[in-house]
Amino acid sequence: MKNLLLLLAFIISITAIAQKKVLTHADYDLWKHASKTEISPDGNLVAISVVTATGAGDGYLEIHNIAKNTKHTFFNGIDPQISADEKYIYFLQKPEYQKLRKEKKKEVDKNEQSKNTFMVYEVATGTIVDSIQRIKSFEASDKRNDFLILEKFKDLKPEKKKDTAAVKEEKTPLKETKRQKKRRLKKEQEELSKKLKELKKEEPEEKKADFTKEDYLIVYQPFSKAKDSIDSFKEYEMPREGTGFIYSREQGKKKKDHGVYYYDLSTRTSTPLIENAWRYKDLAIDKYGKQLAYKVALDSASTDSLKFELYYHKDFKSYTRQLGYGDDNIKKGWKLTEKRKAIFSESGKRLLFYVQPKIAYTIDTTLMDDEIAQVDVWNYKDRMTQPEQKTRFSSLENKSATVVWDTENGTVKFLNDYEMGDTDWDNDLDGTYIIYANNDKYDVARSWEYPWRSDYLVENLKTRSKKFIINKSGSYPIRNPENTHVIYFNFDTQDWHMMNLETQIGKNLTKFLKVSFADEDDDHPALANAHGFGGFDKDGFALVYDKYDVWRLDVNGVLPPENLTKSGRQNKITYRTENLDREHRELATYFNNKLLLTSFDHRTKANSIMTLGANGIEPLYEVSDRNVTAFAKAENSNTLLVRSGNFTDYPDVEYVNTQVKKTLTDINPQQDGFKWGTVELFKWNAYDGVPLEGLIYKPEDFDPKKKYPMIVYFYEKYSERLHDYKSPLPSASTVNFSYLTSNDYIVFVPDIVYKDGHPGQSAYNCIVSGTEAVERLGYVDSNKMALQGQSWGGYQTAYLVTRTNKYAAAMAGAPVSNMTSAYGGIRWGSGLSRAFQYEKTQTRIGKNLWDGLDLYIENSPLFHIPKIETPLLMMHNDADGAVPYYQGIEMFMGMRRLGKPSWLLVYNNEAHNLRKMKNKRDLSVRMMQFFDHYLKGAVQPTWMQEGLSRDKKGKQTGY
């Protein structure tokens, strides 16, 4: 009987799986995710905006009231914000997706298309109490709830109604006698005269704003629902606290701006601050809405190069003070930096603004534009290459020295930071010490060295003394909360050091500890970086990591280091702190007066949440088969928002406090109707005997007696992601594991460890050995295996097909094919030389091109193309800012020349990984058509068999 019941249960489960649908490319739009989640300071309210992952389709907003145990859902709600007093929740409601799509398809005028609606949800009643249509965005203070500022699209013009009577009169004019006509004309003349007399009696009125001509602002008061409109606005700035704001108004590009104004909520009136200048910009207001600053260009005589001054008001009723050109506030030969905005310190006691030298260019005014050469001059002494100068042109153009205006004493301090690489202030901008980074001596070497070095200086703003404190550092100094000391990781000693900012006396804090604070598993040719920094605890101690444990360091260098978690290394568990305070990410988070920790178990790969207090480490949310991560904490209560999930369970939002653990969302219930998959940890030894781990993904209805096609995906190390959920989504560059398992593929993801100088051989050692180990399990069809990787994984894919014919097909995204040419290339996204990658970082050659030419050739797929027998699909996009586009071309042209089956997909104006959804969808289809053909025997699509000629581009897909 028992066996019969087991058989019946097995048959039922098999039948249920058989009834599930297989994922297709048309199903991607079904998957959603939480785009924005807010929790109130007391932890009672949670607002979660859920949107489609592809952007195609509709979502919703959930508002949870924990105390009342209620949930309200609103169609297409996005961008929720809980008011400071927790009485309201504001959000935008998007138009229905299909409705907006139809409007775009019909080419409806953009202004007439459906727009977002601003919604006001009242917590007490649980209802929508107000709404305003056609809203672009809104801004509300997180400290006060007096008013909001809404940016509204211009109003639609009312449709003109046809005057049917007039039309009728036109078609059939009335017949009137001369006497009747005379009477009519006399009567019309009398009515006109009467109207003119009435108009003369009336006082002239200000021209009424026409809100159908341009976007405008609405000042909205949630309690009274009062609304004030501001037309022709140009810019506004809202304080975090306060009952007013500053804004400017304009008339048009070639017309004089109206002026700058202060809106006072208490009177609902606007006070002009200035109205007689040509242009205004870069408005600034202090935290409390009192002090104001803005730039003014008085004269329009030279509109191509307006000269701006900086104006300052102690409050909106006080007189204007010029800071930009008066009172010797700017040194002779200097000017205001046009594109950098002044900013008030947290206390409002300082106003920081920026200046730069006036540069006079020698221009031959006798030449016309088409007679002046346009040439980039590269010089081997340049601190930055021309491409890097180009990508950083905006920041270089705005390179500035800082001027500090003391708003209480009316004095200025000019900081000599113009030639510095960076100027670091404390978070509030009110501190005594400023830290400068100077990398003049190291800039050229950044092309091939790593870590990148800088010298650091500290200036005491009270004494104006400036001294070097750290030389040739590869890491940035981190300030303690009191701004008296800094802590930094020293790459050369591989230890954590401190420095007293007042005395400039430092100390190695971890010198005599036996554990390594540098990444002991790092396998790059460069010096290893630190395991990480966990912030400062409530007593101001620095929290740093070794591989497993959290250590507490006294930034004063007096007390000895202390291992807080103690047992991590022994139990193979990695503990890390949480930093959930949005305004102070440098502070470690506490829960119920205990340090909040994450714990990663290296054996189960599960991530749990723990606390550390007087009784040691205690579980708060402990698991063994999933990832649990906290992502938000209520400001004034012991309440967390967490996500809990694994490969089969979507990580929904959960609510956790000292008494309750509650799941709030069910974001992807449709998954239950689809065939999914499972994942397991797999271990083997590489060819050289090194123990390795990897992941094997299997179909949900996996049958060990069957033979499955297998795709091997890789990058570097991946096994720690055992419990990651994989939403079915269009591909930016890689295969989707959920899609593959649903379509009866096995996916194998091996970890890779590297040896300097031999990245290709290292990949072969780990990936191919792992593939063979999986083959020995008996359920993989050895004739139906493929490789897939992107970027670094793309390189390894291209290399592996030169070493083995084991795989039936391979897809390489953005592969480096020729290291000898790539070494001297440019990362066009940053303008940086690529040499440092080969000598010090990911590529791991460890030598320059001339000292290690044999290694560059050994590891370059291009030179070994004659050995390739595996059909190869590549993607390399023409706007790739990481790997030069020509690398994919070199590989393709080599294979084409030797008659090797190969295809190259080039998405236009696309980056290293695809960004445009239409292209992601296209890649997903083509990549799977490629694999389905070689691994499942599917018919070869037209684009593979015949190609897709230029005239068919954008018209036919060739699917």
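Residues numbered from 1 in each chain as written. Predicted model: local features only at pLDDT ≥ 70, side-chain atom pairs only at ≥ 80, totals over all residues. Heavy atoms only, no water.

Draft legend 1. Broad picture of the overall build of the protein chain. Regarding its fold elements, the protein chain presents 16 helices and 56 strands. Against the globule reference of 30 Å for 959 residues, the protein chain gives a C-alpha radius of gyration of 33 Å, in line with a compact fold. Seen along its three principal axes, the alpha-carbon backbone of the protein chain occupies a region of about 110 × 85 × 75 Å. Looking at the protein chain residue by residue over its 959 residues, the buried ones come to 51%. Restricting the contact set of the protein chain to residue pairs at least 6 apart, pairs at least 24 apart contribute 54%. (Helix = DSSP H or I, 4+ residues; strand = E, 2+ residues; numbered from the N terminus. Rg over C-alpha atoms; globule rule 2.2 N^0.38 Å. Buried < 20%, exposed > 50% of the residue type's maximum accessible area, 1.4 Å probe, protein only. Contact = heavy atoms within 4.5 Å.)

Draft legend 2. Just helix α10 (residues 792–800), in detail. Burial runs high along α10: nine of the nine residues are buried. Those residues of α10 not exposed but buried are Trp792, Gly793, Gly794, Tyr795, Gln796, Thr797, Ala798, Tyr799 and Leu800. Elements that come into contact with the buried residues of α10 comprise α9 (759–775), β51 (780–790), β52 (809–813), α11 (819–822), α13 (853–858) and α14 (885–897).

Draft legend 3. Examining the UniProt feature "domain: Peptidase S9 prolyl oligopeptidase catalytic" (unreviewed entry) in the protein chain more closely. According to UniProt, the positions carrying the feature "domain: Peptidase S9 prolyl oligopeptidase catalytic" (unreviewed entry) are residues 757–937. For residues 757–937, the helix share is 41%, the strand share is 15%, and the end-to-end C-alpha distance is 39 Å. (UniProt positions renumbered as here; feature names shortened; annotations may be inferred.)

Draft legend 4. Expanded view of a positive patch on the surface. On the surface, Lys157, Lys160, Lys213 and Lys255 cluster together to form a positively charged patch. Tracing the backbone shows Lys213 in the loop between α4 (178–201) and β11 (216–220). (Patch = residues over 30% accessible without salt bridge, like charges linked within 9 Å, V, L, I, M, F, W, Y side chains within 5 Å. Areas by Shrake-Rupley, 256 points an atom, 1.4 Å probe, with all protein chains shown as cover. Salt bridge = Lys/Arg side-chain N within 4 Å of Asp/Glu carboxyl O. Lys, Arg positive; Asp, Glu negative; His and termini not counted. Charge placed at Lys NZ, Arg CZ, Asp CG, Glu CD.)

Draft legend 5. Summary view of the environment of Thr70. Note that Thr70 resides in strand β4 (residues 70–75). It is 8.8 Å that separates the C-alpha atoms of Thr70 and Gly126, two residues lying 56 residues apart in sequence. With sequence-adjacent residues up to four places away left out, Thr70 is seen in contact with Ile63, His64 and Asn65.

Draft legend 6. Inspection of the pattern of salt bridges at higher detail. Summed over the entire model, instances satisfying the criterion amount to 52 salt bridges. Between Lys441 and Asp455 there is a salt bridge; the shortest N-O distance is 3.2 Å. With Lys441 in the loop between β27 (433–438) and β28 (454–460) and Asp455 in strand β28, the pair connects residues that are 14 residues apart, well separated along the chain. Among the residues examined, Asp455 registers a relative accessible area of 3% and is labelled buried. The residue Glu680 makes a salt bridge to Lys698 at a minimum N-O spacing of 3.1 Å. Of this pair, Glu680 sits in strand β47 (residues 677–685) while Lys698 sits in strand β48 (residues 691–699), placing them 18 residues apart in sequence. One salt-bridge network, held together by shared partners, links Arg383, Glu388, Arg392, Asp440, Asp443 and Arg446.

Draft legend 7. Molecular detail of the environment of Thr269. With respect to the element layout, Thr269 can be found in strand β16 (residues 269–274). Distance from Thr269 to Asp228, taken between C-alpha atoms, is 9.1 Å for residues 41 residues apart in sequence. Within the local environment of Thr269, its side chain forms a polar contact with the side chain of Thr267, the two groups lying 2.5 Å apart. (Polar contact = N/O pair within 3.5 Å; in protein donor to acceptor, adjacent residues only side chain to side chain.)

Draft legend 8. Seen up close, a nonpolar patch on the surface. Nonpolar side chains collect at one region of the surface, where Ile359, Tyr361 and Ile363 lie side by side and expose about 400 Å² of accessible area between them. One can find Ile363 in the loop between β23 (350–357) and α5 (386–391). Under the relative-accessibility criterion, Ile363 is labelled exposed at 63%.

Draft legend 9. The arrangement of the sheet that holds strand β33 (residues 506–508) in detail. Pairing is antiparallel in the open sheet, where four strands are placed in the order β30-β31-β32-β33. Two strands in the sheet have a free side with no partner beyond their single neighbour: β30 (478–479) and β33. Here six bridges tie strand β31 (residues 485–490) to strand β32 (residues 495–500), and the two strands are oriented antiparallel to one another. When the bridges of β32 are listed, Phe489 appears paired with Trp496. (Pairing = 2+ DSSP bridges.)

Draft legend 10. The domain arrangement of the protein chain, seen in detail. In terms of domains, the protein chain is made up of domain 1 (21–157 + 210–231), domain 2 (235–362 + 399–415) and domain 3 (675–952). Relative placement of domain 2 and domain 3: their C-alpha centres are 54 Å apart. (Domains from an automatic or database assignment.)

Draft legend 11. Highlighting the sheet that holds strand β14 (residues 244–249). Pairing in this open sheet of four strands is antiparallel, and the strands run β13-β14-β15-β16 from one edge to the other. The strands lining the two open edges of the sheet, one partner per strand, are β13 (233–237) and β16. The sheet shows a mean angle of 30° between the axes of neighbouring strands, direction not considered. Of the strand pairs in this sheet, β14 and strand β15 (residues 259–264) are connected by six bridges, and their pairing is antiparallel. Bridged to Phe245 within β15 is Tyr263. (Axes fitted to C-alpha atoms, helices over the stretch in contact; angles between N-to-C directions.)

Draft legend 12. Representation of the nonpolar core in the model. With 54 residues, the main nonpolar core has Phe737 and Phe931 as its most contacted residues. Per-element tally for this core: the top contributor is helix α15 (residues 917–936), with seven residues. Counting the residues that make up this core, at least three belong to each of domain 1 (21–157 + 210–231) and domain 3 (675–952). Beyond its immediate sequence surroundings of up to four residues, Phe931 is in contact with Ile711, Val735, Tyr745, Ala786, Leu787, Gln788, Met811 and Lys936. Core analysis: the second largest hydrophobic core is formed by 51 residues, Phe714, Tyr779, Val801 and Tyr807 among them. (Core = buried A, V, L, I, M, F, W, Y, C linked by side-chain atoms within 4.5 Å.)

Draft legend 13. View of unusual backbone geometry. Here the amide bond leading from Tyr450 into Pro451 is cis, since omega sits at 5°, within 30 degrees of zero. Within the element layout of this structure, Pro451 appears in the loop between β27 and β28. With phi around 55°, Arg268 is a residue other than glycine that occupies positive phi space. Here Arg268 is to be found in the loop between β15 and β16. Judged by its relative accessible area of 38%, Arg268 is partly exposed.

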